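Architecture at a glance
Here's the letter readout for the chains.
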There are 2 protein chains.
Amino acid sequence: MSNRTELSTLGEFGLIDKLTKDNKITNKSTILSVGDDCAVLDYGKKQILVSTDAMAEGIHFDMVYTPLKHLGYKVAVSNFSDIYAMNGRPKQITISISVSNRYSVEALEELYSGIKLACDRYGVDIVGGDTTSSQTGMFISITVIGEGEKNKIVKRSTAKENDLVCVTGDLGAAYAGLLVLQREKNVWKTNPNMQPELDDYDYVLERQLKPEAQKWLIDFFEKNNVIPTSMIDISDGLASEILHICNDSKVGCEIYMNKLPIDYQTSRTLEEMKIPAETGALNGGEDYELLFTIDQKDYEKIKDNANIHIIGYIADKSLGCKLITPQNTTIDIKAQGWNHYQ
Amino acid sequence: MSNRTELSTLGEFGLIDKLTKDNKITNKSTILSVGDDCAVLDYGKKQILVSTDAMAEGIHFDMVYTPLKHLGYKVAVSNFSDIYAMNGRPKQITISISVSNRYSVEALEELYSGIKLACDRYGVDIVGGDTTSSQTGMFISITVIGEGEKNKIVKRSTAKENDLVCVTGDLGAAYAGLLVLQREKNVWKTNPNMQPELDDYDYVLERQLKPEAQKWLIDFFEKNNVIPTSMIDISDGLASEILHICNDSKVGCEIYMNKLPIDYQTSRTLEEMKIPAETGALNGGEDYELLFTIDQKDYEKIKDNANIHIIGYIADKSLGCKLITPQNTTIDIKAQGWNHYQ
């Protein structure tokens, strides 16, 4: 960035004005957008979905290798993903950003341009927010509001015995991308003149830096008249998410290790890092794929979609949550999760 | 606090569970609350209001003199205030908190207890949120969702010439309270054994540490069949807010300095600090009073309410925004605002 305008030259109102001045409204349900105490939404008879997700510098992202535009895109998309995970559609977001004066106005505009790009692509309106200073670092919180049809909203808690467990796309790629970035950062710290070697990692890097949400699946469900029996998005890793579904639905499951969809580049990258690909697929976060269960009667409707993978089935609670290895041994599924405080 | 549980012992899910385990739902419109990807709200034919407000440690609050329970109460109430400012009623909130491991679980519970107390008192449900770690400090962002009736939502941009300008309660108290706290902090830094002298400042301290939102005014409007022509809450000071109304409504105004409602303790405290009381009333933030305009035909309906003060009237844009002193001189109103980056 060649220009640098100090945040102090704008003040809070100036900054908000600058960041939201070309804010376009695309949804009929958005009656009034930024510029007043509140946004005004009109949803008639639809049900409303609300979710909040936050990301903090040094915890969820590292400024050394995270372009701000990508960061904005990612935090927006990760929020949309929560709405799709309910079989709904995101419509509006509010954005809360706290940054220290280490950041310039241009840096914040870069961040916002990523958020706006994501909003454009997914048809979401920015309807409000707050921008404040912080003593150090950057913190972003987005609240997304979406709509769903009354009897088509899908919860985590309604999976039933014998349902098929399905997952979209492929797993572990975002985690593999993170490991590459961390490795290159360490190389760079030792020798700042070294150029990072990233050519062979384009797919996993894109999955880490600029993930997409699975809007297509909601369209697919609508078109094919499928309502999943439960659904969740994969932000903390498949293991953690399947446990959420099983615990909340009071059921068990069997997941087949050799059915886990893993991209070739992911698997090669994880091997380089001496991590079994399946471990990355089970515990790596931030893929934003969707994990869902369907009644067996819907099998015919989904079986030909190359982006939907059946990885197991729902069992009685007494069986627990099990991973079946290719050698047919059984392992308890445990959530690694992400304990940022450790 | 006698107990200290390290945040690291709980992890993110444990922390969210702990913080939200006794979360009560009071609104019929809350179909599904925390525990899934999204909350589900059902508003039938009402219009929805959404607002987000954030507070950062060291910027909006100082841990030296801000009890965490009060902080939680204040950040919730400041969000409710945005909904009342549209003549609506807050119904749900989502909470995003980022804290370093300097904070204990008990500290976060204390913060949440303040948020919950505010929600109880104002009839608002907690429907979601995110808790993440930060490298340093604490950052809180709340998104509030409320409802309003279609033709009764009041914007900033609809004040008309000859409307009366009104304000609730009294002004400058929260600012006076802040100055007392800052003074005592400085005394304490010089001599940590010194007991703070706060007895004579109970009112201004309460206004700073535990402000209330003006729900009563929305009830009053409903009961007396008044719809203000414009309204805004006073979070950044009267001067800043009246300029928002005038700029957005494309009008001017005359505000009478001797009509500004100032509590005796506020005025005495500000004098001690060598600040003219009117300056504090005009530029002090965080009072969360409501500033509104009404058509003159509604004068009879409001004139007997002791908590509503008529402080001026709306004029043609060409007259600008003027403050009239007791000596009948005219001063341009300028927003001091709060530029946290300076």
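A tally of helices and strands in chain A yields ten helices and 13 strands. Taking 342 residues into account, the globule formula puts the C-alpha radius of gyration at 20 Å, and chain A, at 21 Å, falls close to it. Dimensions along the principal axes, computed over C-alpha positions, put chain A at roughly 65 × 60 × 35 Å. The buried share of chain A, reckoned over its 342 residues, is 61%. Look at the contacts in chain A between residues 6 or more apart in sequence, and 86% of them connect residues 24 or more apart. Accessible surface computed for chain A: about 14,000 Å², of which carbon and sulfur atoms make up 47%. For chain A, the separation between the mean place of its 36 positive charges and that of its 49 negative charges on side chains is 4 Å.

So, about the relation of the copies chain B and chain A. Taken as rigid bodies, chain B and chain A are interconverted by a rotation of 180 degrees and an axial shift of 0.0 Å, the fit giving an RMSD of 0.0 Å. Both copies of the chain, as the preceding transformation shows, are related through a two-fold rotation axis. For chain B, the residue whose C-alpha comes nearest the rotation axis is B:Gly44, separated from it by 2.9 Å.

With respect to the helices and strands, B:Arg156 occurs in the loop between strand 6 (138–148) and strand 7 (164–168). Along the chain, B:Arg156 and B:Tyr112 lie 44 residues apart, while their C-alpha atoms are 32 Å from each other.

With that out of the way, let us pick up helix 8 (residues 264–272) of chain A. Residue and element names in this part refer to chain A. Looking only at helix 8, the buried set comprises Gln265, Thr266, Ser267, Thr269 and Leu270. The inward-facing, buried residues of helix 8 contact helix 4 (173–190), helix 5 (202–209) and helix 9 (277–283). Its side-chain oxygen at 2.8 Å from the backbone nitrogen of Gln265, Asp263 defines the N-terminal cap of helix 8. Phi for Lys274, located one or two positions after helix 8, is positive at around 65 degrees.

All names here are of chain A. What the seven strands build is an open sheet, ordered 8-10-7-11-9-12-13; its pairing is mixed. The outermost strands of the open sheet, each flanked by one partner alone, are strand 8 (230–233) and strand 13 (330–332). On average, adjacent strands in this sheet sit at an angle of 25 degrees to one another, irrespective of strand direction. Of the strand pairs in this sheet, strand 9 (residues 252–256) and strand 11 (residues 308–315) are connected by four bridges, and their pairing is antiparallel. The residue of strand 11 that forms the bridge with Glu254 is Tyr313. Across the face of the sheet, helix 2 (residues 68–84) comes into contact with strand 8 and strand 10 (290–294) while running at roughly 175 degrees to strand 8.

Next up on the list: the sheet that holds strand 4 (residues 89–99) of chain B. With respect to topology, six strands assemble into an open sheet ordered 1(A)-2(A)-3(B)-6(B)-4(B)-5(B), the strand pairing being mixed. Across the chains shown, the open sheet's two edge strands, defined by having one partner strand only, are strand 1 (30–32) of chain A together with strand 5 (125–133) of chain B. Each strand of the sheet is rotated relative to its neighbour by a mean of 25 degrees, with strand direction disregarded. Its contacts with the sheet place helix 3 (residues 105–122) of chain B against strand 4, strand 5 and strand 6 of chain B, and it is angled at close to 170 degrees to strand 4 of chain B.

The pLDDT averaged across chain A works out to 89; a share of 94% of its residues lies at or above 70. Our summary of model confidence lists the complex with pTM equal to 0.89 and ipTM equal to 0.86.

All names here are of chain B. Running from N to C, helix 4 (residues 173–190) and helix 8 (residues 264–272) point in directions that differ by 45 degrees, and their axes come no closer than 9 Å. Judged by the angle between their axes, helix 4 and helix 8 are oblique. Seen along the crossing, helix 4 lies across helix 8 with a hand that is left-handed. Contacts from Ala173, Tyr175, Ala176, Leu179, Val180 and Arg183 of helix 4 reach helix 8 at Thr266, Thr269, Leu270 and Glu272. Looking at the contact of helix 4 with helix 8 residue by residue, the class counts come to six nonpolar, two polar and two charged.

This part takes up the packing of aromatic side chains. For any pair of aromatic rings, geometry is given as the distance between the ring centres together with the angle between the planes. Enumeration over the complete set of coordinates arrives at eleven aromatic pairs over all chains. Taken together, a centroid distance of 6.5 Å and an interplanar angle of 65 degrees make the contact between B:Trp216 and B:Phe220 edge-to-face. Of this pair, B:Trp216 and B:Phe220 both sit in helix 6 (residues 215–224), four residues apart, which is roughly one turn of that helix. Cluster of aromatic residues (ring-pair linked, three or more members): A:Trp216, A:Phe220, A:Phe221 and A:Phe292.

The next thing to look at is the environment of A:Lys250. Relative to the helices and strands, A:Lys250 is located in the loop between helix 7 (238–249) and strand 9. As a C-alpha pair, A:Lys250 and A:Lys210 span 40 residues in sequence and 34 Å in three-dimensional space.

Parameters at a glance
Residues numbered from 1 in each chain as written. Chains lettered and ligands numbered in written order. Predicted model: local features only at pLDDT ≥ 70, side-chain atom pairs only at ≥ 80, totals over all residues. Heavy atoms only, no water. Helix = DSSP H or I, 4+ residues; strand = E, 2+ residues; numbered from the N terminus. Rg over C-alpha atoms; globule rule 2.2 N^0.38 Å. Buried < 20%, exposed > 50% of the residue type's maximum accessible area, 1.4 Å probe, protein only. Contact = heavy atoms within 4.5 Å. Areas by Shrake-Rupley, 256 points an atom, 1.4 Å probe, with all protein chains shown as cover. Lys, Arg positive; Asp, Glu negative; His and termini not counted. Charge placed at Lys NZ, Arg CZ, Asp CG, Glu CD. Least-squares fit on C-alpha atoms with pLDDT ≥ 70 in both. Polar contact = N/O pair within 3.5 Å; in protein donor to acceptor, adjacent residues only side chain to side chain. Pairing = 2+ DSSP bridges. Axes fitted to C-alpha atoms, helices over the stretch in contact; angles between N-to-C directions. pLDDT = per-residue confidence, 0-100. Parallel < 35°, antiparallel > 145°, perpendicular 65-115°, else oblique. Left-handed = near helix turned anticlockwise from the far one by under 90°. Nonpolar A, V, L, I, M, F, W, Y, C, P; charged D, E, K, R; others polar. Phe/Tyr/Trp six-rings, centres within 6.5 Å; stacked < 30°, edge-to-face > 60°.

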